[in-house]
Amino acid sequence: MSEDNLKSEFLKTISERGFIHQCTAIEELDTQLSKEKISAYIGFDCTADSLHVGSLVSIMLLRWLQKFGHTPIVLMGGGTTKIGDPSGKDEARQLLSSEGIHKNMMGIREVFTKYIDFTDNIKNPGFMVNNADWLDTLNYIGLLRDVGRHFSINRMLTFDSVKLRLEREQNLSFLEFNYMILQSYDFVELNKRFDCTLQMGGSDQWGNIVSGVDLGRKMGADQLFGLTTPLITTASGAKMGKTANGAVWLNEARLSAYDYWQFWRNTEDNDVGKFLKLFTELPMSEIAKLESLEGAEINEAKKVLAFEATKLCHGEEAALNAQKTAENVFEKGNTDQDLPTKILNKEAQSLLDILVEMELCKSKGEARRLVQQGGVKLDDKALDDTTKEIVSSDFDGKETIKLSVGKKKHVLLKKG
RNA sequence: GGAGGGGUGGCAGAGCGGUCAAAUGCAGCGGACUGUAAAUCCGCCGACUUCGGUCUACGUAGGUUCGAAUCCUACCCCCUCCA
């Protein structure tokens with residue numbers, strides 16, 4: 001079970017970069033991986049039309065897999081999303097319609113094309129499959145006889161996903177109880193169809209994955225393997241992936257490249273090394289150097305992290321732009337054309353309205369409070385008048401002025 | 001089917017006729033200190049407001065009362081035990 005003397009390049013790399021939490025039969029898997037190229041998959045829910053950084057560990061894992069010549073399979077949970085995974089959830093999720101699921105799948109696909117090569121130009125192109133393709137047409141009796149008989153209720157009750165619900169006195173519907181069976185079946189089906197022998201996923205998926213491995217053995221599939229990634233938390237213990245504005249999405253429409261860059265730039269000191277290993281492809285030697293920076297110097301490492309992570313997600317150009325904008329705004333205190341801009345068409349426009357409209361505040365009450373507390377600045381001068389209107393004299397002859405909330409949220413105002 | 005317990009703000013969890021826009025903790029936001037970090041301290045944290053107030057909220061719908069998150073009735077949902 002040791003991770004120290006791995007032979008395969010893939011496992012060696014992901015191990016030293018901190019991707020491995022648990023793994024079944026790691027030695028056999030290592031042997032297989034060093035002998036031949038395999039196919040491996042990770043399943044993704046279609047509960048939203050984009051993915052956020054919470055899934056980024058999995059995405060990077062598939063990327064590494066492809067880099068080492070193996071074939072990454074992205075399994076879209078078009079079928080299982082209709083069920084809802086109870087793992088890690090206190091309450092049953094709302095069920096989604098087929099149309100909603102389809103729309104979400106399209107959005108997620110877009111995110112993946114940035115990390116995985118799906119084109120035929122290489123010998124191991126990745127591909128996406130939708131488990132609705134086989135789950136939708138399953139026959140109940142058939143499933144029970146072929147698959148259901150291999151599952152022990154006694155055993156299922158011991159899995160965390162189920163146990164927690166029971167212990168916390170939260171309802172667990174039969175529908176959700178079946179999720180594990182379907183996910184296990186997915187694995188066997190993927191093995192049959194594409195010779196897929198490895199399922200990866202987050203540590204919360206361990207139970208589901210192990211079930212799949214078991215089911216494979218019982219149903220006479222090839223030997224299957226499972227590998228999970230650790231749950232990534234920040235050094236202060238919070239689940240990573242939240243910012244002022246909510247989840248950190250991976251598509252531009254949901255979160256701009258600039259905000260994405262900012263998210264990484266604001267990493268806690270103690271996380272920089274960990275994040276560089278997981279979310280960039282920089283060589284380990286370079287990461288070690290960056291990691292050893294101390295005090296204010298570690299900000300340089302954070303910039304590298306932000307640039308590399310943004311480059312992967314939004315491209316090099318967007319990453320450079322974000323970096324330049326940030327330098328202008330934070331280090332030089334200037335304004336920058338790349339900030340979100342609001343064009344003022346009216347002679348005088350209420351400050352509170354602008355704050356809400358530009359999503360700097362959720363309500364006018366909040367905006368008012370913010371002004372009273374000195375959190376709103378116009379060209380770095382704090383405002384204290386809640387009835388203020390922006391008029392042309394505020395521009396002081398300039399084309400644009402900068403409106404800020406707190407230290408990190410900035411917006412440009414422009415005369416219309 | 002029977003008996004009991006319960007549904008309160010993003011979450012957890014008090015309140016059990018007026019002093020309740022609802023204690024406390026967590027999360028979040030602003031300020032101070034800094035390095036766009038962490039920790040710490042201070043302030044805020046339903047909506048609207050001409051800052052006097054107004055409105056909407058304690059599962060849903062009615063009722064009692066001058067007054068209800070708090071009492072009554074019905075319904076919905078959840079939990080536990082029994083069958």
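Before going into details, it helps to say that this report is about the structure given with it. (Residues numbered from 1 in each chain as written. Chains lettered and ligands numbered in written order. Predicted model: local features only at pLDDT ≥ 70, side-chain atom pairs only at ≥ 80, totals over all residues. Heavy atoms only, no water.)

**Considering the sheet that holds strand β3 (residues 71-76)**
Judged by pairing direction, the sheet is mixed, and its 6 strands sit side by side in the order β1-β6-β5-β2-β3-β4 without closing on themselves. The two strands at the open ends of the sheet, each matched to only one other strand, are β1 (22-23) and β4 (127-130). Of the strand pairs in this sheet, β1 and strand β6 (residues 225-229) are connected by 2 bridges, and their pairing is antiparallel. Within β6, the position partnered with Gln 22 by the bridge is Thr 228. Against the sheet, helix α10 (residues 179-194) makes contact with β2 (39-44), β3, β4, β5 (196-202) and β6, and its axis sits at roughly 145° relative to β5, the strand it touches most. (Pairing = 2+ DSSP bridges. Helix = DSSP H or I, 4+ residues; strand = E, 2+ residues; numbered from the N terminus. Contact = heavy atoms within 4.5 Å. Axes fitted to C-alpha atoms, helices over the stretch in contact; angles between N-to-C directions.)

**Looking at the nonpolar core**
Ranked by size, the top nonpolar core spans 74 residues in total, and within it Phe 112, Tyr 115 and Trp 264 carry the most contacts. Leu 135, Leu 143, Met 180 and Leu 182 belong to the second-largest nonpolar core, a separate cluster that totals 25 residues. (Core = buried A, V, L, I, M, F, W, Y, C linked by side-chain atoms within 4.5 Å. Buried < 20%, exposed > 50% of the residue type's maximum accessible area, 1.4 Å probe, protein only.)

**Overview of the pairing of β2**
Most of β2 is tucked away, with 5 of its 6 residues classed as buried. After leaving β2, the chain enters helix α3 (residues 56-67) and then returns to the sheet as β3, a path that is right-handed. The pairing of β2 with β5 spans 4 bridges and is parallel. Residue Tyr 41 lies in a different strand from β5, and its bridge partner there is Gln 199. (Right-handed = clockwise from strand over helix to strand, strands pointing away.)

**Let's talk about the protein's contact with RNA strand B**
Lining the immediate surroundings of RNA strand B are 31 residues, of which Asn 266, Asp 269, Gly 365, Arg 368 and Arg 369 lie closest. Close to the protein, within 4 Å, the atoms of RNA strand B are drawn from sugar and phosphate at a rate of 66%. The separation between a base nitrogen of RNA strand B and a polar side-chain atom of Lys 302 is 2.9 Å. Secondary structure elements with two or more residues in the surface near RNA strand B: α12 (257-265), α15 (298-314), α16 (316-331) and α18 (364-372). Top contributing element to the surface near RNA strand B by residue count: α18, with 5 residues. Across the surface near RNA strand B, the residue classes break down as 7 nonpolar, 12 polar and 12 charged. (Near = heavy atom within 4 Å. Polar contact = N/O pair within 3.5 Å; in protein donor to acceptor, adjacent residues only side chain to side chain. Nonpolar A, V, L, I, M, F, W, Y, C, P; charged D, E, K, R; others polar.)

**Quick look at the pairing of β6**
Extensive coverage of β6 is indicated by the burial of 5 of its 5 residues. Here β6 shows no split at all, with Phe 225, Leu 227 and Thr 229 on one side and Gly 226 and Thr 228 on the other all buried. Where β5 lies against β6, 5 bridges are found, and the strand directions are parallel. Residue pairing for β6: Gly 201 is matched across the bridge by Thr 228.

**Looking at a nonpolar patch on the surface**
A surface patch of nonpolar side chains, about 440 Å² in accessible area, is lined by Tyr 140, Ile 141, Leu 144 and Phe 174. Per-element tally for the nonpolar patch: the top contributor is helix α6 (residues 140-146), with 3 residues. Structurally, Ile 141 is set in helix α6. (Patch = residues over 30% accessible without salt bridge, like charges linked within 9 Å, V, L, I, M, F, W, Y side chains within 5 Å. Areas by Shrake-Rupley, 256 points an atom, 1.4 Å probe, with all protein chains shown as cover. Salt bridge = Lys/Arg side-chain N within 4 Å of Asp/Glu carboxyl O.)

**Details of the side chain of Asp 186**
Within the secondary structure layout, Asp 186 lies in helix α10. Only 2.8 Å separates the side chain of Asp 186 from the side chain of Asn 131, close enough to count as a polar contact. Apart from residues no more than four positions distant in its own chain, Asp 186 is found in contact with Tyr 41, Leu 75, Thr 80, Asn 131, Trp 134 and Leu 135.

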